[in-house]
Structure formats: C-alpha cells, structure tokens
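# Architecture at a glance
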Amino acid sequence: MSSQKKATNGLGFKTGESIVYPAHGVGQIVAIEEQEVAGMKLELFVIDFEKDKMRLKVPVAKANAVGMRKLSETDFVERALKVVQGRARVKKTMWSRRAQEYDAKINSGDLIQIAEVVRDLYRAESQPEQSYSERQLYEAALGRMARELAAVNEVSETEAVRLIEVNLNKGPKRLPKGATAEAEADADDAETDADAETEAEPAQEQAA
C-alpha cells in the first residue's frame, strides 16, 4: 500500500527537481511517496533516470547517507570546467588500480572528481588511441559530467559535451601520437618539479 506524499520534504528536495545520485548521476524526483512496510510507514523519493530508463525509490531518511544531492551551483560548474583545462595527471601504477580509482571517482557523485577523470582520460586526435576500458571509463565520466552541466545550464546533453570538449582543448598541448602513458606521467612530474622550483625561488631570494 502506498500513497502520494507532499511535494516537498524536510531535506529541501521537491517533486520535479533534478538531483544527483552518486551511483547513477542526474535523475528527476517524480514523486515523494509513503509506503507501509511491515507495519511501518516509510517515506520514499521516486527518482527517474531517463538516460538509463530506470526508476529508483530511495528512503528519505537515507538520502543524505547515500550522497544524494542537489545540482551544483553555476560557479562550481565553472570550477569543474577549469579542472578539465589542466594537464592530465597519470599515476605510475598498474592500469587495473587506476581503473578502480577512476571508477570510484565517477561514482562519487562529486563533479570535480568526475571532471578529473575526464581530464586524465581525454585523448586528442594527435594522441595515442585509448584502450577499450579507458574509452568506457572516459565516456562514463563525460556522460555524467555532461548530464549535470546540461541540467544546470538548461541546455541539451550534446551542447554540454561540446562545452566540455571546448574546455579540454584549452588545456596544455598533449603529447604526440605514439607517446605512452608513462611518458605523460614523466612530463607531469617534470612540470610539477618546475612549478615547485618556481615557487621556491622567491623564498630563497627573501632568505638572502
């Protein structure tokens, strides 16, 4: 037995609102229902994920615990777009471990972490082609990021993808085709060392 519930609840979520659910990305609250389970009344968010053709019912009491959140503010979206403009940071670890880390970031629900995955796995036309698993993770991250940008900016997902790609291409020049991930990591390390030296110079002058 279930009954339609009020349009808003104590957490500030309301019917018709787009939200972010970490494991599935952007969804829309289509109803707030009350169900009776084992003699107890349970309040539930009914969330539709149009892209995945899926409906999820989340207990209101557990929404915060599972990381369900409102869409990012526009300034936070701008921060995420700045992240994708940065140099890719490739760790010198086995791909299986990096893949797990990327997957965890994608499912964190955190727009900045998702943007980091997009940045790190992006490949320009002049770069080596991605492996199948790299491509899958890149597209998953790009899709998550694009859907939230589309919802925040009220544009189509295609337009959001285009906006992300424009910002990716503002980043530092990528290594040429044939370069390995390890070479990218070495370039990253060299840049980090150079930045550290630049930052250290004023301190040395001051000490002198």
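This text follows the structure it describes.
Just so you know, these numbers come straight off a predicted model, no measurement behind them.

### Focus on the overall build of the chain
- For the chain, the helix and strand inventory stands at six helices and six strands.
- Counting helices and strands in the order they occur from the N terminus, the chain gives β-β-β-β-β-β-α-α-α-α-α-α.
- Taken over 208 residues, the chain has a buried fraction of 37%.
- In the chain, once contacts between residues fewer than 6 apart in sequence are set aside, the share between residues at least 24 apart is 59%.
- Roughly 12200 Å² of accessible area belongs to the chain as shown, and the carbon and sulfur atoms make up 50% of that amount.

### As for the packing of aromatic side chains
- Tallying each qualifying case throughout the model produces four aromatic pairs.
- Measuring from ring centre to ring centre gives 5.5 Å for Phe13 and Phe45, while their planes differ by 85°; the resulting arrangement is edge-to-face. In this pair, Phe13 sits in the loop between strand 1 (2-4) and strand 2 (18-21) while Phe45 sits in strand 4 (residues 40-49), placing the two residues 32 residues apart along the sequence. Here the two residues Phe13 and Phe45 agree in accessibility, since each one is buried.
- Measuring from ring centre to ring centre gives 6.4 Å for Tyr21 and Phe49, while their planes differ by 70°; the resulting arrangement is edge-to-face.

### A few points about the nonpolar core
- Counting residues in hydrophobic clusters, the biggest one holds 29 residues, and the most contacted among them are Val118, Tyr138, Met145, Leu149, Ile164 and Leu168.
- Elements that contribute at least two residues to this core include exactly helix 1 (74-84), helix 2 (95-106), helix 3 (111-121), helix 4 (132-153) and helix 5 (157-168).
- The element contributing the most residues to this core is helix 4, with nine residues.

### Considerations on the packing of helix 1 against helix 3
- Two elements in contact, helix 1 and helix 3, have axes separated by 8 Å at closest approach and are oriented at 25°. Looking at the two axes, helix 1 sits roughly parallel to helix 3. The hand of the helix 1/helix 3 crossing is right-handed. On the side of helix 1, the interface is formed by Phe76, Val77, Arg79, Ala80, Val83 and Val84, while helix 3 contributes Leu111, Ile112, Ala115, Glu116, Val118 and Arg119.
- Tallied by class, residues from the contact of helix 1 with helix 3 come to nine nonpolar, no polar and three charged.

### What about the pattern of salt bridges?
- Across all of its chains, the model carries 11 salt bridges by this definition.
- For Lys105, the salt bridge is made with Glu116, and the minimal N-O distance between the two is 2.7 Å. With Lys105 in helix 2 and Glu116 in helix 3, this residue pair connects regions lying 11 residues apart in the sequence.
- The partner of Arg147 in a salt bridge is Glu157, and the shortest N-O contact between them spans 3.4 Å. Taken together, the residues Arg147 in helix 4 and Glu157 in helix 5 connect sequence positions 10 residues apart.
- For Glu157, a relative accessible area of 25% puts it in the partly exposed group.
- Via salt bridges that share partners, Lys51, Arg147 and Glu157 belong to a single interconnected network.

Analysis parameters
Within every chain, residues take consecutive numbers counted from 1 along the sequence as written. Per-residue local features are limited, in this predicted model, to residues with pLDDT of at least 70; the limit for side-chain atom pairs, both in listing and counting, is 80 or more; totals at the level of whole chains, interfaces and linings are taken over all residues. Only hydrogens and water are removed before side-chain values are computed, so all heavy atoms of the structure are retained for them. Helix and strand definitions here come from DSSP, where helices need a minimum of 4 consecutive H or I residues and strands a minimum of 2 consecutive E residues; each element is numbered from the N-terminal end. Relative accessible area decides the class of each residue, using a 1.4 Å probe on protein chains only: under 20% of the type maximum gives buried, over 50% gives exposed, and in between gives partly exposed. A contact between two residues is defined here by any heavy atoms of the two lying within 4.5 Å. What sets the accessible areas is the Shrake-Rupley method with a 1.4 Å probe; for residues, cover comes only from the shown protein chains. Aromatic contacts are taken between Phe, Tyr and Trp rings whose centres are within 6.5 Å, Trp giving its six-membered ring; a plane angle under 30 degrees counts as stacked, one over 60 as edge-to-face, and the others as tilted. Joining through side-chain atoms within 4.5 Å is the link that ties buried Ala, Val, Leu, Ile, Met, Phe, Trp, Tyr and Cys residues into a set, and such a set is a nonpolar core. All axes here are fitted lines through C-alpha atoms, helices being fitted over the stretch that makes contact, and every angle between N-to-C directions spans 0 to 180 degrees. Oblique is the label for every angle not falling under 35 degrees (roughly parallel), over 145 degrees (roughly antiparallel), or within 65 to 115 degrees (roughly perpendicular). Working rule for handedness: look at the near helix, and if it is turned counterclockwise from the far one by less than a right angle, call the crossing left-handed; if clockwise, right-handed. Residues are grouped as follows: Ala, Val, Leu, Ile, Met, Phe, Trp, Tyr, Cys and Pro are nonpolar; Asp, Glu, Lys and Arg are charged; every other residue, Gly included, is polar. Salt bridges are identified by distance alone: a Lys or Arg side-chain nitrogen within 4 Å of an Asp or Glu carboxyl oxygen.

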